[in-house]
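In case you want the letters, here they are:
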There are 2 protein chains.
Amino acid sequence: MKTDMSKQTAQQPPETWSRTMILRVDPQVDEGRHPVKRIVNEDVLVSADIVSDGHDIPAAEVLYGPEGEDEVAVRMTFLGNDLYQALFTPDRMGVWTYRVRAWIDQFATWQELFERRVKGGSPEAELKSELQEGASILKKSLGRAEAEDRKRLQDYIDAFEAGEVNRALEGEVQALAALYDTREGATESDVRRALVERPLARTSAWYEFFPRSVGPDHEHGTLDDAADMLPYVKEMGFDIVYLPPIHPIGRSHRKGKDNAPVAAEGEPGSPWAIGNEDGGHKTVHPELGGIEAFDRFMERARELDLEVALDLAYQCAPDHPYTKEHPEWFRQRPDGSIRYAENPPKKYQDIYPINFEGDNWEALWLELRDVVEFWAKRGVRTFRVDNPHTKPLPFWAWCFSTLRESYPDLIFLAEAFTRPKLMYALGKVGFSQSYTYFTWRYNKQEFQDYLTELFHTDVYNYYRPSFWPNTPDILPPYLDNKPTFQSRLILASTLSASYGIYGPAFELMASDIHPAREEYRDNEKYEIKDWDLDAPHSLKPLITRINTIRRENSALHHNRNLQFHDVDNDELIAYSKRDGDNLILVVVNFDPHYTQSSFVQLPLAELGLEPHQPYELEDLIDGARYYWHGPRNYLELDPHKFPAHVFKVHREVGREQDHDTFV
Amino acid sequence: MKTDMSKQTAQQPPETWSRTMILRVDPQVDEGRHPVKRIVNEDVLVSADIVSDGHDIPAAEVLYGPEGEDEVAVRMTFLGNDLYQALFTPDRMGVWTYRVRAWIDQFATWQELFERRVKGGSPEAELKSELQEGASILKKSLGRAEAEDRKRLQDYIDAFEAGEVNRALEGEVQALAALYDTREGATESDVRRALVERPLARTSAWYEFFPRSVGPDHEHGTLDDAADMLPYVKEMGFDIVYLPPIHPIGRSHRKGKDNAPVAAEGEPGSPWAIGNEDGGHKTVHPELGGIEAFDRFMERARELDLEVALDLAYQCAPDHPYTKEHPEWFRQRPDGSIRYAENPPKKYQDIYPINFEGDNWEALWLELRDVVEFWAKRGVRTFRVDNPHTKPLPFWAWCFSTLRESYPDLIFLAEAFTRPKLMYALGKVGFSQSYTYFTWRYNKQEFQDYLTELFHTDVYNYYRPSFWPNTPDILPPYLDNKPTFQSRLILASTLSASYGIYGPAFELMASDIHPAREEYRDNEKYEIKDWDLDAPHSLKPLITRINTIRRENSALHHNRNLQFHDVDNDELIAYSKRDGDNLILVVVNFDPHYTQSSFVQLPLAELGLEPHQPYELEDLIDGARYYWHGPRNYLELDPHKFPAHVFKVHREVGREQDHDTFV
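Please read these numbers as outputs of a predicted model, since none were measured by experiment. (Residues numbered from 1 in each chain as written. Chains lettered and ligands numbered in written order. Predicted model: local features only at pLDDT ≥ 70, side-chain atom pairs only at ≥ 80, totals over all residues. Heavy atoms only, no water.)

Draft legend 1. Highlighting the overall build of chain A. If you tally the helices and strands in chain A, you get 14 helices and 29 strands. By principal-axis analysis of the C-alpha atoms, chain A measures approximately 105 × 75 × 55 Å. Looking at chain A as a whole, 60% of its 663 residues qualify as buried. Residue pairs at least 24 apart in sequence account for 75% of intrachain contacts in chain A once pairs closer than 6 positions are excluded. (Helix = DSSP H or I, 4+ residues; strand = E, 2+ residues; numbered from the N terminus. Buried < 20%, exposed > 50% of the residue type's maximum accessible area, 1.4 Å probe, protein only. Contact = heavy atoms within 4.5 Å.)

Draft legend 2. Main features of the pattern of salt bridges. Overall, the coordinates contain 128 salt bridges over all chains when judged by the stated rule. Among the salt bridges present, the one from B:Arg33 reaches B:Glu31, with a minimum N-O distance of 3.3 Å. Across the salt bridge formed by B:Arg521 and B:Asp512, the nearest N and O atoms sit 3.2 Å from each other. On the basis of relative accessibility, which here comes to 36%, the residue B:Arg521 falls in the partly exposed class. Accessibility expressed as a relative area gives 43% for B:Asp512, which makes it partly exposed. One network of salt bridges, in which partners are shared, links A:Arg117, A:Glu126, A:Glu130, A:Glu133, B:Arg333, B:Arg339, B:Glu342 and B:Lys347. (Salt bridge = Lys/Arg side-chain N within 4 Å of Asp/Glu carboxyl O.)

Draft legend 3. Seen up close, the nonpolar core. Core analysis: the largest hydrophobic core is formed by 156 residues, its most contacted members being A:Leu223, A:Tyr314, A:Phe412 and A:Tyr499. Here this core takes 8 residues from helix α9 (residues 361-377) of chain A, the largest share from any one element. The contact partners of A:Leu223, leaving out residues within four places of it in the chain, are A:Pro211, A:Leu243, A:Ile246, A:Val284, A:Leu288, A:Ala293, A:Phe294 and A:Phe297. In terms of nonpolar packing, the next biggest core, distinct from the first, is built from 155 residues, B:Ala60, B:Met229, B:Phe467 and B:Tyr478 among them. (Core = buried A, V, L, I, M, F, W, Y, C linked by side-chain atoms within 4.5 Å.)

Draft legend 4. Highlighting helix α5 (residues 171-179) of chain B. Buried residues of α5(B): B:Val173, B:Leu176, B:Ala177 and B:Ala178, and no others. Residues of α5(B) that are buried sit in contact with β5 (72-75), α2 (106-119), α3 (124-142) and α4 (147-161) of chain B.

Draft legend 5. Geometry of the interface of chain A and chain B. Each partner contributes residues to the interface: chain A has 81 residues there, and chain B has 81 residues. Counting the surface lost from both chain A and chain B, the interface buries some 7100 Å², and carbon and sulfur atoms represent 50% of this. Among the ionic pairs, A:Arg19 bridges to B:Glu357, the shortest N-O distance being 2.7 Å. At the junction of chain A with chain B, the criterion picks out 36 residue pairs in polar contact (both at pLDDT 80 or more). (Buried area = accessible area lost by both parts, 1.4 Å probe. Polar contact = N/O pair within 3.5 Å; in protein donor to acceptor, adjacent residues only side chain to side chain.)

Draft legend 6. Local environment of the sheet that holds strand β6 (residues 77-78) of chain A. Reading across the sheet, the 4 strands line up as β1-β3-β7-β6 (chain A) and stay open at both edges, with antiparallel pairing between neighbours. At either margin of the open sheet sits one strand with a lone partner, and together these are β1 (20-26) and β6 of chain A. The pairing of β6(A) with strand β7 (residues 83-88) of chain A spans 2 bridges and is classified as antiparallel. Paired with A:Phe78 across the strands is A:Tyr84, a residue of β7(A). Packed onto the sheet, helix α11 (residues 420-428) of chain B meets β1, β3 (44-52) and β7 of chain A and runs at close to 70 degrees relative to β3(A). (Pairing = 2+ DSSP bridges. Axes fitted to C-alpha atoms, helices over the stretch in contact; angles between N-to-C directions.)

Draft legend 7. Up close: the relation of the copies chain A and chain B. The two copies are related by a screw operation: chain A maps onto chain B through 180 degrees of rotation and 0.0 Å of translation along the axis, at an RMSD of 0.1 Å. In symmetry terms, the pair is related by a two-fold rotation axis. It is A:Glu31 whose C-alpha, among those of chain A, lies nearest the rotation axis, at 3.2 Å. In this assembly the copies share their binding face: 100% of the residues contributing to the interface of chain A also contribute to that of chain B. (Least-squares fit on C-alpha atoms with pLDDT ≥ 70 in both.)

Draft legend 8. View of the environment of B:Arg339. Along the polypeptide, B:Arg339 turns up in the loop between α8 (321-325) and β15 (341-343). In this structure the C-alpha to C-alpha distance between B:Arg339 and B:Thr77, which are 262 residues apart in sequence, comes to 60 Å. Here A:Glu133 takes part through its side chain, which lies 3.1 Å from a polar atom of the side chain of B:Arg339.

Draft legend 9. Geometry of the packing of aromatic side chains. Throughout the structure, instances matching the rule amount to 106 aromatic pairs over all chains. With a centroid separation of 6.5 Å and 15 degrees between ring planes, the pair formed by A:Tyr64 and A:Trp96 is classed as stacked. Of this pair, A:Tyr64 sits in strand β4 (residues 58-66) while A:Trp96 sits in strand β8 (residues 94-104), and the two are 32 residues apart along the sequence. The class for A:Tyr64 is buried, based on a relative accessible area of 16%. In this structure A:Trp96 comes out as buried when scored by relative accessible area, which is 4%. Taken together, A:Trp17, B:Tyr314, B:Phe356, B:Trp361, B:Trp365, B:Phe383, B:Phe395, B:Trp396, B:Trp398, B:Phe400, B:Phe412 and B:Phe431 form an aromatic cluster joined through their ring pairs. In this arrangement the basic side chain of A:Arg488 is found over the ring face of A:Phe438, its NZ or CZ atom lying 5.2 Å from the centre. (Phe/Tyr/Trp six-rings, centres within 6.5 Å; stacked < 30°, edge-to-face > 60°. Lys NZ or Arg CZ within 6 Å of the ring centre and 35° of its normal.)

Draft legend 10. Layout of the confidence of the model for chain A. Residue and element names in this part refer to chain A. Summarising the model, chain A shows a mean pLDDT of 95, and 97% of its residues fall at 70 or more. Long-range and interchain partners of residues 1-9, a stretch whose pLDDT sits below 50, account for 16 contacts in this model, where long-range means more than four residues apart. Reported for the predicted complex are a pTM of 0.94 and an ipTM of 0.93. (pLDDT = per-residue confidence, 0-100.)

Draft legend 11. Structural view of the environment of B:Arg254. All names here are of chain B. Relative to the helices and strands, Arg254 is located in the loop between β12 (240-242) and α7 (290-303). Taking C-alpha positions, Arg254 is 69 Å from Gly185, a pair spaced 69 residues apart along the chain. Discounting chain neighbours no more than four positions away, the residues touching Arg254 are Ile249, Pro261, Val262, Ala263, Glu267, Pro268 and Gly269.

Draft legend 12. Looking closely at a negative patch on the surface. Together, A:Asp217, A:Glu219, A:Asp530, A:Asp532 and A:Asp534 make up a region of like negative charge exposed at the surface. Locating A:Asp532 in the fold gives a position in the loop between β21 (498-502) and α14 (540-552). (Patch = residues over 30% accessible without salt bridge, like charges linked within 9 Å, V, L, I, M, F, W, Y side chains within 5 Å. Areas by Shrake-Rupley, 256 points an atom, 1.4 Å probe, with all protein chains shown as cover. Lys, Arg positive; Asp, Glu negative; His and termini not counted. Charge placed at Lys NZ, Arg CZ, Asp CG, Glu CD.)

Draft legend 13. How the structure looks around the side chain of B:Asn589. All names here are of chain B. Looking at where Asn589 falls in the secondary structure, it is placed in strand β24 (residues 582-589). A polar contact of 3.1 Å, which involves the side chain of Asn589, links it to the backbone oxygen of Leu637. Apart from the residues within four sequence positions on either side, Asn589 is in contact with Ser487, Glu571, Leu572, Tyr594, Thr595, Gln596, Leu637, Pro639 and Pro643.

Draft legend 14. Main features of α7(B). Residues and elements named next belong to chain B. For α7, spanning 14 residues, the distance from its first C-alpha to its last is 20 Å, which sits close to the expected 20 Å at 1.5 Å a residue. Residues of α7 that are buried make contact with α6 (223-235), β12, β13 (307-312) and α9 (361-377). Remark: Asp305 follows α7 within two positions and exhibits a positive phi of approximately 55 degrees. (Expected span 1.5 Å × (residues − 1).)

Draft legend 15. Up close: the pairing of strand β10 (residues 192-197) of chain B. All names here are of chain B. Burial runs high along β10: 5 of the 6 residues are buried. Both strand β8 (residues 94-104) and β10 contribute to a ladder of 5 bridges, which runs antiparallel. Its bridge partner being in β10, Trp96 is matched across the sheet by Ala194.

Draft legend 16. Layout of the sheet that holds strand β20 (residues 433-434) of chain B. Residues and elements named next belong to chain B. On the basis of which strands lie adjacent, the open sheet formed by 7 strands has the order β20-β19-β18-β13-β12-β11-β21 and parallel pairing. Edge positions in the open sheet fall to β20 and β21 (498-502), since each of these has one partner strand only. Two strands pair when backbone bridges link them, and strand β11 (residues 204-208) and β12 are joined in this way by 3 bridges, in the parallel orientation. Its bridge partner lying in β12, Trp206 is registered against Ile240. The strands touched by helix α14 (residues 540-552) within the sheet are β11 and β21, with β21 carrying the most contacts at an inclination of about 165 degrees.

Draft legend 17. Just the pairing of β24(B), in detail. Residue and element names in this part refer to chain B. In terms of residue burial, β24 counts as a mostly covered element, since 8 of its 8 residues are buried. Residues Asn582, Ile584, Val586 and Val588 line one face of β24 and the alternating positions Leu583, Leu585, Val587 and Asn589 line the opposite face, and both faces are buried. For strand β23 (residues 572-579) and β24, the ladder comprises 8 bridges, and the chain directions are antiparallel. Looking across to β24, one finds that Lys577 is bridged to Ile584. The hairpin formed by β23 and β24 contains 2 residues between the paired strands, and Gly580 there has a positive phi angle of roughly 60 degrees. Direction of pairing for β24 relative to strand β29 (residues 644-650): antiparallel, over a ladder of 5 bridges. Looking at β29, one finds that Val586 is bridged to Val646.

Next comes the structure, spelled out in structure tokens:
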């Protein structure tokens, strides 16, 4: 057997080890491979399972700070069942790090036993002897304390050595010992990261429109015309105005009206077919007024305090300068020509996809990142990214993380409608917000399941939804009547802290659907539209109202506070969001034809409502007031009047009305 | 702005990256910090979430093998929703490693598009051109294939180059391409480990007894007397015979009968107070016959094919040689004396706990490991470890992993009754089996919840329960009547693949409980008992029967196959275990007083039963046969007859009876 053992004998005990073991740290994304997402001043609640052998008392702290700077420590609270918790609040943008450190709290362990000795009537000699041990633990901390505290510690040490039993049980000595604990034998978790963005990354209302459609008399509009549109957008209360690509549009294989394969003379083409001899992704389409008009547009937006979002569509028209300068950035067919986009047997000859892994890919990546930087230097901080799921995930991770070192306020919205794990992976690699399956959630159960997944699971840590009732690419068939336009707007804007609409199509309730696809017939992507912004049926007043409600009610700025409530009618959905005193209760009728009624069941205590006091519901849409009592109350919704209630709940009845009525 | 950019410009694209991203790998324990546990020939089913950009088709494989040896690859199957899966079956003991590798399957991606081109009626010129690309992908694999396969690949390449469309759609070429795929741009997960133990680590029946109580005429028994007891244990069908500590017992502060603080002259003391001037953990108590008697005992056990388990209790009596040779291995009081065990105000002056972090701890750790090795060299491979939760977790991790390099067949059972996360942590650091909360689960709901947590969650990967109805330390108050002894035995032995009893107290239904604690009055720990093994009320026949049933029915060797079934009576619990054709259905009555009856609802399809065919239930305890039909059938259990059914379910009725009846 001796030979067997030679191997073991060589295996000496570990050089360092700890009696405490950190089993799990939350939050974290994929074992820490990606950061969790927060906004400035949003708490990071860190929890950890920590065990140690025996009955000694572990102590733990979270060490956190902006990446690369000194860490700050915050002591974790013991919650029972080996669970510890602490929170920190990042107060500026950028990457923050955090980790957990745990060790045996020698003094607390000693003090707990000592207290039991005292209470159990241990003899004085034993207590005095144990006090010596307590003093020796305190002495180890002496060197860490300064001035006043050092004096206080020494005072306790003297008292212990003099055998003063009662001094050893004081809370102050435990606090001092904890503060200057030597943390002997500590263990540490891996470092976790949090990407801290500005509040707009979580809470935002987007308005998308085509600048070329807002020119006078059906002419091709410019960015100066688009600048004149900004007050209209601002009046409605949006935060972000988002423009489809503003670059030169390819001429070769240009698409015509309603996606016709060949454009007629004078047709403008799709803005997503980027690039021609005038330039590519760093050029403004001459017909939009060029870069000077863009700068004027930005200036106007700044005056109005409107954020501008550009479209980042990494693909090229066949005449894009890249195709000549860098043919190696595209895939070639065996005959040497550049591959156009295909979904065999369909061909998209107006688009050349970029090959992220071809020859000279490093220069390509740098150039693509430089596109963002080009616009960032002109003041753009927000980008809607076209089809990000068809570009490599490591590209986004690298591109965003390096850009954010210089521009921590960059916001990226992922336009991806693909498989759920890939949607989530885009969130993990750094997209601030993402398009969602909102359009394809039809009934109460589907909404409840989806929102619960988004806000009340781990998904919250890496994926921030933006709910869009329509986009230039998507017109769902149900969006063909006023109550549904209204209810979808209410759902999007109150379920999610971020939402957006494609206008003026939305507010004018455009609903002319393509016969074969869930999109607009005669799509604005291929032609210039002439919208009547003053049409009497416009939903502009409603949109203005809901954006005002969003701004005035902080409950709607959050996502994690969403709570669904029981309603005995499947056509009705009820939910609330609460932020301190601010409590918003929303009930929406999915049925566009008939009045639906039900009792709504509220968990009063959780919502901060008194079980035996009446409370007042102020409908922020029509100004009506209701007086409810107890958890179960009746309501009805006539979709022809308005398909939703957006209630502000007042805990005390009889307050003055403080808003204009709307409907 | 230029200065800002200097930082970024320095940030070049990553040197290596992959278009595939592995989001999650299962199974794993605490992010791979601990191994998952399996037994030899038990499958490791590996699953992974894998995404890549766009619509290219990822491929994935699991690379596995015994640690330090060449890895074998097994291709993963795509199950939809970005989920991939493969299994491997470790065929020998030791640490195995596994990891996931993923990449874009270039040929499958090409072939899928090519097939769509063909079906979509693409022109011949386009197909011929694309075939060139297909050929160029295949060419890259040519160098990896040998002989026959290389010829077949070349054959396809020639066919592609000749424009033979149909050859490109064959399954064989996809299989060849997959087999010799260059795996360009692959990404790999972290390495995960599996600790593979022998089957006894999962499936075992333990019998504990005190050797000193089996001597003749109330004299102190020896290990030769204990050897004479082995046929009795073997007859009952146990796999493992476990002895409390067999070492010299401390004399100083020796405990007397019923835990009296002072032993009377001639009292034997507790075997867990280890060590006196005769020796310590590597010595056999002279009154047990010394090491020679031990070797004879081992020899007898080997003849009977009984596994022997010793007790590993790392603590010392005050007269243990360590206390003189290595006082630094213990904690000192301020006066320099060694600290005895305390739970203030209680004192345990007969026990000195070991200090694992004192001076000279490395020598201590090596010595403690050497204790295991000492007995391993004498043929012991199984240890029940006393109070492992009061020793540092890293000690166990180090001790077990280094010992298992030479003795991969070592089995350790953790005797820990502490907080759940610490119980589980002991499993994670390497205990093969663990004591559980079985004793403190009282009703159906509690059992169902607990077993679901143990077998149908992540816990399965690191914690193997051993269910004990009694131990020398634990006599639950409900164990005071025959039906409950019977039902607890059936529950322990059929719910869990491992179980054990402390005998002869169990089979003789000793139930004289201590007035203040859930343990035996006049505990055998402090005195020599004289058991009447031939008592007519002995449960030996029942135990023999249940161990036979366990051996003959492979369904009971597994844990993960446990399934509970609906019963409309809270006093009855019904569950089944299935292994292929072997299906065992158990119904237990918790009520020791009254007959309970109910309908039992079975999911026929899941159990492999025909919905419209009768099936036969053979009660393996009393031999009775029942003919059931459909999912819902009536039964009743009279606890005074027998409180449980242990049915073997026969899918065809009318078979010959193939077991002896028992009751």
